[in-house]
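If you want the building blocks of each chain, they are given just below.
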Amino acid sequence: MHSKYEAPKLNLPPSLIASVDGGFTEYTVTNRMPNIARRVIEENDFSSEINQSLENLASGLSSENLLPLVDDTGADFAAWQNYLQSYQAQRWVDIPWFVAETYFYRLILNITNYFRPGEFQHLDPFKLQKSQGLEKSLDSIIALCKQANTWLQEDSQQTGLIGMLYFSLWGNRVDLSLWSAMEDDNRSNFNIESQQAHILADDSTKVVDLLLNKVENSEKQVDLVADNAGFELVCDLCLLDFLLTSGLVNRVKLHLKPHPTFVSDATIKDVHHTVEFFSNVENSEVKSLRCRLQDYIASGKLILSEDYFWTSPLPFWEIPESLKSELSNANLLIVKGDANYRRLLGDKHWDFSTNFTDIVCYLPVPTLALRTLKSEVAAGIPLSVINKVANSDADWLTNGSWGVIQLAVSS
């Protein structure tokens with residue numbers, strides 16, 4: 001059972017649904033998700049029976065009813081039975097999009113025997129993509145570590161914090177576009193001003209004020225709800241490392257998925273794999289980061305946490321009491337990525353200019369959303385900005401080229 005925070009004070013708009021909304025939402029359910037299921041077949045060595053079940057899933061997404069979740073030993077099995085009660089005998093395209101997506105990934109684990117004892121138990125069906133993503137971003141990792149270490153050595157808390165927030169925001173981009181030039185000798189020339197052109201709402205200076213505000217004899221903690229593994233997780237780890245090493249906070253807690261989902265979402269295992277990957281990089285900047293992260297994890301200053309709420313289809317305001325209590329210990333909660341942002345807003349049709357804090361007022365701590373737009377859900381963007389970006393980029397809501405840094409502080 002889960003207890004509810006106070007839901008947003010505003011009237012809740014309808015949820016995004018593929019058959020109702022069409023466009024990107026429908027395209028995701030009827031094209032992107034089938035391709036993901038088929039890629040799982042291609043990238044793994046599952047039995048023919050499992051592969052056929054995955055193909056049945058892929059081919060049925062556009063027109064068929066939900067497949068049942070057969071019995072397995074996953075700790076969230078009973079919870080999913082409860083979540084799905086409202087959607088029995090309904091098509092994938094007719095239920096709320098966020099429910100369809102989260103269930104799709106949970107069903108892939110069910111089909112591939114992720115929770116059952118045997119050769120495929122705890123086998124990440126997306127492992128190949130995660131590993132390749134980390135390996136292909138090596139140049140970006142080295143450049144990022146060099147920049148982060150420069151800020152730490154210069155004792156530049158304000159500049160460094162804003163820079164690390166920007167890296168964390170754009171962490172899904174591994175093409176070195178964060179730097180002002182592609183040449184090796186210019187990769188450290190991180191230009192904060194150049195990043196602002198594609199940020200539609202930017203509260204980064206408010207975050208600086210919040211964290212630089214010294215409270216005598218008080219310890220500060222930041223919690224971060226992670227998004228993707230790979231270079232984005234490296235960016236998040238660098239942000240948390242900067243917060244600790246610069247002395248801005250005393251403790252950080254990283255909230256991760258309890259099992260693979262949304263292809264590349266980060267788990268505790270992915271964090272350890274990433275730190276281990278650093279061990280094989282012959283670069284002093286990367287090795288320095290690795291040593292600090294290992295020390296922070298060992299000392300309890302960096303806490304790795306997981307909860308099945310993060311892989312559930314529930315909106316953020318239906319968070320379990322135990323997790324609510326955990327988050328209430330933080331001075332700042334950072335929520336990363338598009339899917340987590342959708343959860344913050346309940347994946348509903350808010351007017352894009354609706355005040356962000358008015359929606360996220362149900363959270364007990366200052367909450368910072370770092371999100372690149374990859375779905376048609378948004379809030380807190382001024383009308384003038386919406387009109388300008390819509391005229392310049394027809395796909396601004398979904399192509400990942402635009403971002404928001406939004407801080408909600410309830411009164």
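Note that the coordinates shown come from a computational prediction; the quantities given were computed from them, not determined experimentally. (Residues numbered from 1 in each chain as written. Predicted model: local features only at pLDDT ≥ 70, side-chain atom pairs only at ≥ 80, totals over all residues. Heavy atoms only, no water.)

J.: Would you mind going over the sheet that holds strand E7 (residues 403-408) in detail, with residue names and values included?
T.: If you walk across this open sheet you meet the 7 strands as E1-E7-E6-E5-E2-E3-E4, and the pairing is mixed. Edge strands, defined here as strands with exactly one partner in the open sheet, are strand E1 (199-202) and strand E4 (302-306). The mean inter-strand angle of the sheet, taken between neighbouring strand axes irrespective of direction, is 15°. Bridge count for strand E2 (residues 221-225) against strand E5 (residues 332-336) is 4 bridges, and the pairing is parallel. Counterpart to Asp223 in the pairing with E5 is Leu333. Strand contacts of helix H8 (residues 157-169): E1, E5, strand E6 (367-372) and E7, with the helix running at about 50° to E6, the strand carrying the most contacts. (Pairing = 2+ DSSP bridges. Helix = DSSP H or I, 4+ residues; strand = E, 2+ residues; numbered from the N terminus. Axes fitted to C-alpha atoms, helices over the stretch in contact; angles between N-to-C directions. Contact = heavy atoms within 4.5 Å.)

J.: Pulling in residues and values, what's your account of the nonpolar core?
T.: Trp92, Phe104, Phe316, Leu344, Leu345, Val360 and Trp396 are the most contacted members of the largest nonpolar core, which has 76 residues in total. Sorting elements by how many residues they give to this core places helix H5 (residues 97-111) first, with 10 residues. Apart from the residues within four sequence positions on either side, Leu345 is in contact with Trp317, Trp350, Phe356, Ile359, Val360, Val377, Ala378 and Ala379. Counting residues in hydrophobic clusters, the runner-up holds 57 residues, among them Val207, Ala226, Leu240 and Ala266. (Core = buried A, V, L, I, M, F, W, Y, C linked by side-chain atoms within 4.5 Å. Buried < 20%, exposed > 50% of the residue type's maximum accessible area, 1.4 Å probe, protein only.)

J.: Please set out the side chain of Thr25 residue by residue, giving values where relevant.
T.: The residue Thr25 is located in helix H2 (residues 23-43) in this model. Ignoring any residue separated from it by four or fewer positions in sequence, one finds Thr25 in contact with Leu16, Ile17, Ala18, Trp97 and Glu376.

J.: Describe the confidence of the model for the protein chain, listing the residues and the values that go with them.
T.: Here the protein chain averages 92 in pLDDT, while 92% of its residues score no lower than 70. Residue range residues 175-189 is modelled with pLDDT below 50. Its contacts to residues more than four positions away, or to other chains, number 30 contacts. (pLDDT = per-residue confidence, 0-100.)

J.: Provide a residue-level description of the pattern of salt bridges, including the pertinent values.
T.: This model, assessed by the stated rule, comprises 17 salt bridges. What you see here is one network of salt bridges that share partners, running through Asp72, Asp76 and Arg106. (Salt bridge = Lys/Arg side-chain N within 4 Å of Asp/Glu carboxyl O.)

J.: I'd like to hear about the layout of surface pockets, residue by residue, with values.
T.: In this structure, the largest pocket spans a volume of roughly 1000 Å³. When residues of the lining of the largest pocket are traced back to their parent elements, those giving at least two are H2, H5, helix H6 (127-136), helix H11 (231-245), helix H15 (338-344) and E6. By residue class, the composition of the lining of the largest pocket is 14 nonpolar, 15 polar and 13 charged. (1 Å grid on protein atoms, 1.4 Å probe; cavity = no way out; pocket = protein on both sides within 12 Å on 5 of 7 lines; lining within 4 Å. Points joined across faces, edges and corners; volume = space filled by probe spheres on them. Nonpolar A, V, L, I, M, F, W, Y, C, P; charged D, E, K, R; others polar.)

J.: Describe in detail the pairing of E5, supporting the description with residues and values.
T.: For E5, the tally of buried residues reaches 5 of 5 residues, placing the bulk of the element in the interior. Side chains Leu332, Ile334 and Lys336 project from E5 onto one buried face, and the interleaved Leu333 and Val335 project onto a second face that is buried too. With 4 bridges connecting them, E5 and E6 associate as parallel partners. In the strand pairing of E6, Ile334 is matched with Leu368.

J.: Tell me about the packing of aromatic side chains, and name the residues and values.
T.: Applying the stated criterion across every chain yields a total of 17 aromatic pairs. Taking 6.0 Å as the distance between ring centres and 70° as the angle between the ring planes, the aromatic pair formed by Tyr105 and Phe126 counts as edge-to-face. Linking Tyr105 in helix H5 with Phe126 in the loop between H5 and H6, this pair joins segments that are 21 residues apart in sequence. The class of Tyr105 is buried, set by a relative accessible area of 3%. Given a relative accessible area of 0%, Phe126 falls into the buried group. Judged by centre distance (5.0 Å) and plane angle (85°), the ring pair of Tyr114 and Phe115 falls under edge-to-face. In this structure Tyr114 comes out as buried when scored by relative accessible area, which is 10%. Taken together, the aromatic side chains of Phe98, Phe104, Tyr105, Phe126 and Phe262 make up a single cluster linked through ring pairs. Of note, Arg342 hangs over the ring of Trp97, and the distance from its end group to the ring centre comes to 3.7 Å. The aromatic ring of Phe309 is capped on one face by Arg343, whose charged end is 4.7 Å from the ring centroid. (Phe/Tyr/Trp six-rings, centres within 6.5 Å; stacked < 30°, edge-to-face > 60°. Lys NZ or Arg CZ within 6 Å of the ring centre and 35° of its normal.)

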